[in-house]
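# Tertiary structure, described
These are the residues of each chain, in order.
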Amino acid sequence: MSIRNLQHLFQPKSVAVVGASQKPHSVGATVLRNLIDAQFKGAILPVNPKYSTLEGREVFKSVSALPMAPELAVICTPPHTIPAIIRQLAEIGTRAAIVVTAGLNGKVELDGFAPGTTIKQAMLDAAKPTLLRILGPNCIGLLVPHIGLNASFAHTGALPGKIAFVSQSGAFVTGVLDWAKSRGIGFSRFISLGDSADIDFGDVLDYLAGDSETHAILLYMESVSAARKFMSAARAAARSKPVVVVKAGRAEEGAKAAASHTGAMAGADDVYDAALRRAGMLRVLTTEQLFDAVETLAHAKPLRGERLMIVTNGGGPGVLATDALIYSGGKLATLSDDTIRRLDAILPATWSRGNPVDIIGDATGERYRQTMEILLQDKQSDAILFIHAPTAIVPSADIARAVAPMAKSSSRNIIACWLGGDSVAEARQLFSAAGISTFDTPEEAIGGFMQLVQYRRNQDLLMQVPPSAASDFIPNRAAARAVVQRALELHRPMLSEPDAKEVLAAYGIPVVNTQVADRVEAAALLAERIGFPVALKILSPEVSHKTEVGGVVLDLESADAVRAAAQAMRNRLIEMRPDAKLRGFTVQAMERRPGAHELIVGVSTDPVFGPVILFGQGGIAVEVTNDHALALPPLNMVLAKDVISRTRVAKLLAGYRNRPPADIDAISRTLIQISNLIADIPEIVELDINPLLANEDGVIALDARIRVAPADAAAIDRFAIRPYPDELEERISWQGKPLMLRPVKPEDGPQHMEFFNALDPEDVRYRIFTRLRELQPSQLARLTQIDYDREMAFIATRQREDGSHETLGVARAIADPDNISAEFAVIVRSDVKGQGLGKVLMDKLIRYCRAHGTQEIVGEALPHNRRVLNLTSHLGFVVTPVPDGDTMQMRLRL
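The paragraphs below set out a description of the structure included in this document. Computed from a predicted model, the values in this text were never measured in an experiment. (Residues numbered from 1 in each chain as written. Predicted model: local features only at pLDDT ≥ 70, side-chain atom pairs only at ≥ 80, totals over all residues. Heavy atoms only, no water.)

Attention shifts here to the overall build of the protein. Secondary structure assignment for the protein yields 29 helices and 38 strands. In summary, the protein has a C-alpha radius of gyration of 32 Å against a globular reference of 29 Å for 894 residues, a match within 12%. With the C-alpha coordinates of the protein rotated into their principal frame, the extents come out at 100 × 85 × 70 Å. Of all 894 residues assigned to the protein, the portion counted as buried reaches 56%. Per element, the accessible surface of the protein, about 37,400 Å² overall, is 51% carbon and sulfur. Between the mean site of the 96 positive side-chain charges and the mean site of the 101 negative ones, the protein shows a separation of 3 Å. (Helix = DSSP H or I, 4+ residues; strand = E, 2+ residues; numbered from the N terminus. Rg over C-alpha atoms; globule rule 2.2 N^0.38 Å. Buried < 20%, exposed > 50% of the residue type's maximum accessible area, 1.4 Å probe, protein only. Areas by Shrake-Rupley, 256 points an atom, 1.4 Å probe, with all protein chains shown as cover. Lys, Arg positive; Asp, Glu negative; His and termini not counted. Charge placed at Lys NZ, Arg CZ, Asp CG, Glu CD.)

Encoded structure:
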């Protein structure tokens, strides 16, 4: 379920209050009074058999007695009555309800409902046949101020505005309402989700993404249930407008007893962080930061970079701002020589001659204006923080009047900090009226700027086109699956180290050759065959971390040393872990990589978001250093490099002193290969490579562990973001040559740009009804980085003689969130038109949509685009003119 019938919830023309009352402080009385006081324009219909009138309005004895089917019903009755009321509302034609009642987990005892069913499930069963949508239960309700709708029992109303607020917490709803109203902050929608039995974050985000009344979305989140639905909706919403999240529950929730370091370190809050980042949302930690983010993002101009210039009339505030910026991971701009020369000409000799630009305490409005004018022309900065401390020399309001017009018209972001109280109140108001984000302290202003920076970084992850992974390696899936299947058949959930390395090697990850000896003497013989020095490790399925029982010894130089080490290991295992079975020893050549970094790459399975990939500093102290970052698969080069960059070890990998930089591409490819591995083999639930050695020559896995478990046929759905569906690839013969039909990939960006550039301008106009000379990076990203759960783009691609690939055509379908209707488009390269490629692509697209459960495919074309109109007619589309329009509509029922 998604946005079906949500218009009746958010834009109702009539509202029934079932359980309306006159009892003071009751929910029914409060909801009715709030509807009336908010001056709702539509019909208000109280329902309660105990009254004939309430608040001067006729009261109806039951739902069936209503003179009309209300578009929305607010239900305030006891739990056991809810299922029957929902059924009655559905029967008369109501399509949306708000259930404010709590306590629906008890068993239902009503005719027509299965014995033992919970009240909540009975309610949902009653709503399902007519797709009646339910907000709640156990919620405060809903406010839509611009239509005068306050269908809640909140203690106060909301001002109209352009921000949508969505919360799982009722207490947080009322607190934020109070807080926002006192500050003059308005809302387009104010939504209390409650228990989200039907309508959840995914549904609301899908609706708000297309809501013209909403310019920004704020979420208070405690948990997510349907992760894939949430991620699809979140990514779509974040592409169109700022989405800011307060996520409660930051305390450690990691696995208590994990078989791997990754399982122990990937706490639930870190996973939410990774998910929100991947969705392009901005996460903040407090309510104040939530609205500060709206203040900043609502007024923000495109941020070209992250370098901040600070201008101030006092040294202290400038230093505080600098400290806050650096400790927040921000970048201080450097003044150009030309800027310093120009500032020397207008500022007192005692000015700071650096950033922060301290223009001295007696600065007039004109001095501020001239300084800002010069700084805005300096190409070495991307934004300016304006700080003013009040003085008795120049009124702050005069300075605001001098600077505000320039700041308003600037293409660069300007953030302001007016220090003080009443003396700067007018100046603050002048800046706010000019649309300039204004803060009370330097630290708050820096926080606002860094929110802008982080939002830009998250958006970049959505929009960047990744380069090719620079590898044509095809994994040996069959070999990897065979190893995993053998372990499952033997009921061994933990793969042995050699087996784990065999799986990694099958996916192109370099591993140290590791051989197994079943006894002490065999280990010594293997060591002699391999050549000294060697590393010796214990082999026991019950021991995940070998070092905890002294099960790893390095740099053994002789057979005698190997024998002694193996015997000592066996004795320690008997003493320390009598429950563990000794299956032998592994022997491997010592890998000599002077100056190499010890890293960890791992996978754990989160109960909400599914597989999560971890990267960080490795070695024996991995959980002590706790230097790691998480990412949701699937990964590409951009996402892999992003997760690397979010660790402290990334600075070391970049090289320092005389140490050359590590091969970041090789590390990134390892992350991508692990992402592909867990997509292909759903039985893998936990994985560690620790350490993964990395230097300028590449990477190699020294140790690995993999935990497996049986998986069902739908295991791919465990991914919060659907991986590339390689099962949809199809090889055909076209014009006597091989052709590949496959879903588009993010890495197809350069190839897709080449395809676009080869199109005739008239063909582009036929496709998008306007002339477009070039694709912007964000447009290219949108065309190649698709959500395979909701849209599909099949490309026809073939290999050139030089081994490169070219795209000849694209057929695309984007479904609505309910997968009822999909809008299609098809275009082929101008030099291959008329050769049947469009029909091949459309046939592929229609087969996919039919199998995917889509009910119809629709599209529009210009009347003189005869090729597409004829093609779709031959494929069975009904082609009709669009009423009151100048296009033709094409529709195919599936």
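Moving on to the sheet that holds strand E1 (residues 14-18). Judged by pairing direction, the sheet is parallel, and its five strands sit side by side in the order E2-E1-E5-E6-E7 without closing on themselves. Every other strand in the sheet has two partners, leaving strand E2 (43-47) and strand E7 (133-135) as the edge strands with one partner each. Neighbour-to-neighbour, the strand axes of this sheet turn through a mean angle of 20°, independent of strand direction. Pairing of strand E5 (residues 72-75) with strand E6 (residues 96-99), which is carried by three bridges, proceeds in the parallel orientation. Pairing of Val-74 across the sheet is with Ile-98, part of E6. Helix H3 (residues 82-92) contacts E1, E5, E6 and E7 of the sheet and is inclined by roughly 170° relative to E5. (Pairing = 2+ DSSP bridges. Axes fitted to C-alpha atoms, helices over the stretch in contact; angles between N-to-C directions. Contact = heavy atoms within 4.5 Å.)

Now for the nonpolar core. Core analysis: the largest hydrophobic core is formed by 69 residues, its most contacted members being Phe-230 and Phe-609. Counting residues per element, this core draws most heavily on helix H7 (residues 227-240), at seven residues. Dropping the residues within four chain positions of it, Phe-230 is found in contact with Phe-201, Gly-202, Leu-205, Met-221, Val-224, Leu-276, Met-281 and Phe-609. Counting residues in each nonpolar core, the second largest holds 50 residues, with Ala-500, Leu-639, Leu-653 and Ile-706 among its members. (Core = buried A, V, L, I, M, F, W, Y, C linked by side-chain atoms within 4.5 Å.)

Next up on the list: unusual backbone geometry. The linkage connecting Pro-633 with the following residue, Pro-634, adopts the cis geometry, with an omega of 0°. Assignment of secondary structure puts Pro-634 in the loop between strand E27 (628-631) and helix H22 (637-645). The peptide bond linking Asn-690 to Pro-691 adopts the cis configuration, its omega dihedral lying at 5°. In this structure, Asn-5 takes a positive phi of about 65° despite not being glycine.

Below, the discussion takes up empty space enclosed by the protein. Evaluation of the coordinates by the stated rule reveals two cavities of 30 Å³ or more. Volume-wise, the largest cavity comes out at about 70 Å³. Every residue along the wall of the largest cavity is listed here: Ala-274, Arg-277, Arg-278, Leu-461, Leu-630, Ala-631, Leu-632, Leu-635, Leu-639, Asp-642 and Arg-646. Elements that contribute at least two residues to the lining of the largest cavity include exactly helix H9 (268-278), E27 and H22. Looking at which element gives the most residues to the lining of the largest cavity, the answer is H9, with three residues. The calculated volume of the second largest cavity comes to roughly 50 Å³. In terms of lining residues, the second largest cavity is bounded by Tyr-788, Arg-790, Glu-791, Met-792, Ala-813, Ala-815, Asn-819, Ala-822, Tyr-848, Cys-849, His-852 and Thr-854. Those elements that place two or more of their residues in the lining of the second largest cavity are strand E33 (791-799), strand E34 (805-815) and helix H28 (837-851). (1 Å grid on protein atoms, 1.4 Å probe; cavity = no way out; pocket = protein on both sides within 12 Å on 5 of 7 lines; lining within 4 Å. Points joined across faces, edges and corners; volume = space filled by probe spheres on them.)

Before going further, it helps to examine the layout of surface pockets. Each pocket or cavity is described by its volume, and for the second largest pocket that value is around 1,800 Å³. When contributions to the lining of the second largest pocket are tallied by element, the ones reaching two or more residues are H9, strand E14 (282-284), helix H10 (287-299), helix H11 (315-327), helix H16 (442-463), E27 and H22. With twelve residues, H16 is the largest single contributor of residues to the lining of the second largest pocket. A class-by-class count of the residues in the lining of the second largest pocket yields 15 nonpolar, 14 polar and 18 charged. (Nonpolar A, V, L, I, M, F, W, Y, C, P; charged D, E, K, R; others polar.)

Across all of its chains, the model carries 55 salt bridges by this definition. The closest approach of N and O atoms between Arg-457 and Glu-306, which form a salt bridge, is 2.7 Å. Residue Arg-457 is found in helix H16, and its partner Glu-306 is found in the loop between H10 and strand E15 (307-312); the two are separated by 151 residues along the sequence. Taking the relative accessible area as the measure of exposure, Arg-457 reaches 24% and is therefore partly exposed. (Salt bridge = Lys/Arg side-chain N within 4 Å of Asp/Glu carboxyl O.)

Tracing the chain through its elements places Arg-790 in the loop between helix H27 (777-784) and E33. Every residue in contact with Arg-790, bar those within four places of it in the chain, is listed here: Asp-206, Lys-229, Ser-232, Ala-233, Ala-813, Ile-814, Ala-815 and Pro-817.

Here we take up the pairing of E6. Here E6 shows two buried faces, one formed by Ala-96 and Ile-98 and the other by Ala-97 and Val-99. Crossover handedness for the path E5 to H3 to E6: right-handed. Where E6 meets E7, three bridges bridge the pair, whose relative direction is parallel. Across the sheet, Ala-96 pairs through a bridge with Arg-133, a residue of E7. Of the crossover connections in this fold, the one passing from E6 over helix H4 (residues 119-127) to the parallel E7 is right-handed. (Right-handed = clockwise from strand over helix to strand, strands pointing away.)

With nine of nine residues buried, helix H6 (residues 201-209) is to be regarded as a mostly interior element. When we look at burial in H6, the residues that qualify are Phe-201, Gly-202, Asp-203, Val-204, Leu-205, Asp-206, Tyr-207, Leu-208 and Ala-209. The backbone nitrogen of Gly-202 has a side-chain oxygen 3.1 Å away, supplied by the residue at the start of H6, namely Asp-200. (Polar contact = N/O pair within 3.5 Å; in protein donor to acceptor, adjacent residues only side chain to side chain.)

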